[in-house]
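Residue-level listing of the chains:
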Amino acid sequence: QVQLAESGGGLVQAGGSLRLSCAASGRTFTGYSMGWFRQAPGKEREFVAAISRGTGYLYYADSVKGRFTVSRDNAKNTMYLEMNSLSPDDTAVYYCAADRRSGAQLQNPYYAYEYWGQGTQVTVSS
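Figured I'd write up the structure that's included with this text. A quick note: this is a predicted structure, and the numbers were derived from the prediction, not measured.

This part is about the packing of aromatic side chains. Counted under the stated rule, the structure contains 9 aromatic pairs. Look at Tyr-95 and Trp-116: their rings are 6.3 Å apart centre to centre, the planes differ by 80°, and that puts the pair in the edge-to-face class. In this pair, Tyr-95 sits in strand E9 (residues 92–99) while Trp-116 sits in strand E10 (residues 115–116), placing the two residues 21 residues apart along the sequence. For Tyr-95, a relative accessible area of 14% puts it in the buried group. Ring pairs connect the aromatic residues Phe-37, Phe-47, Tyr-95, Tyr-110, Tyr-111, Tyr-113 and Trp-116, which therefore count as one cluster. The ring of Tyr-110 carries Arg-45 above its face, with NZ or CZ at 5.2 Å from the centroid. Against the face of Trp-116 rests Arg-45, its NZ or CZ located 5.1 Å from the ring centre.

Further remarks concern the side chain of Arg-38. With respect to the helices and strands, the residue Arg-38 is situated in strand E4 (residues 33–39). Arg-38 gets classed as buried once you look at its relative accessible area, which sits at 5%. At a separation of 2.7 Å, a polar atom in the side chain of Arg-38 contacts the side chain of Glu-46. Within polar-contact distance, the side chain of Arg-38 engages the side chain of Tyr-94 at 2.9 Å. Look past the residues within four positions of Arg-38 in its chain and what remains in contact with it is Glu-44, Arg-45, Glu-46, Val-48, Ser-63, Val-64, Phe-68, Asp-89, Asp-90, Ala-92, Val-93 and Tyr-94.

Here the focus is the pairing of strand E5 (residues 46–51). Burial runs high along E5: 5 of the 6 residues are buried. As paired elements, E4 and E5 share 5 bridges and run antiparallel to each other. Of the residues in E5, the one forming a bridge with Trp-36 is Ala-49. Taken together, E4 and the strand that follows it, E5, pair antiparallel across an intervening segment of 6 residues, in which Gly-42 is found at a positive phi of about 75°.

Rules behind the numbers
- Residues numbered from 1 in each chain as written.
- Predicted model: local features only at pLDDT ≥ 70, side-chain atom pairs only at ≥ 80, totals over all residues.
- Heavy atoms only, no water.
- Phe/Tyr/Trp six-rings, centres within 6.5 Å; stacked < 30°, edge-to-face > 60°.
- Helix = DSSP H or I, 4+ residues; strand = E, 2+ residues; numbered from the N terminus.
- Buried < 20%, exposed > 50% of the residue type's maximum accessible area, 1.4 Å probe, protein only.
- Lys NZ or Arg CZ within 6 Å of the ring centre and 35° of its normal.
- Polar contact = N/O pair within 3.5 Å; in protein donor to acceptor, adjacent residues only side chain to side chain.
- Contact = heavy atoms within 4.5 Å.
- Pairing = 2+ DSSP bridges.

Structure (structure tokens):
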């Protein structure tokens, strides 16, 4: 099993930046692909970004490409999401997820991921 814990959420003004962290424990961190999802009120949980295990290939949703950067620090068993140029449309609960899958399928719906954190709230004010 893998335990995940998100942190770094909070309130930020439009145009600002935040960095989210996802700390992993329980099993070998490098053996899992990692992803970020978000869910805004009244909307479906949507894919944000992911890092594939093995290759380290990065995937981004079109809505965040060029603004968000996903990375991982294997020594710290932690994945990060650097969010820049934030807008109110980015307001959501952000979830960290892990899965043994790799490649483009990491962009598939959230229910394909095996492990999840509890989420961290990001609120962007206008």
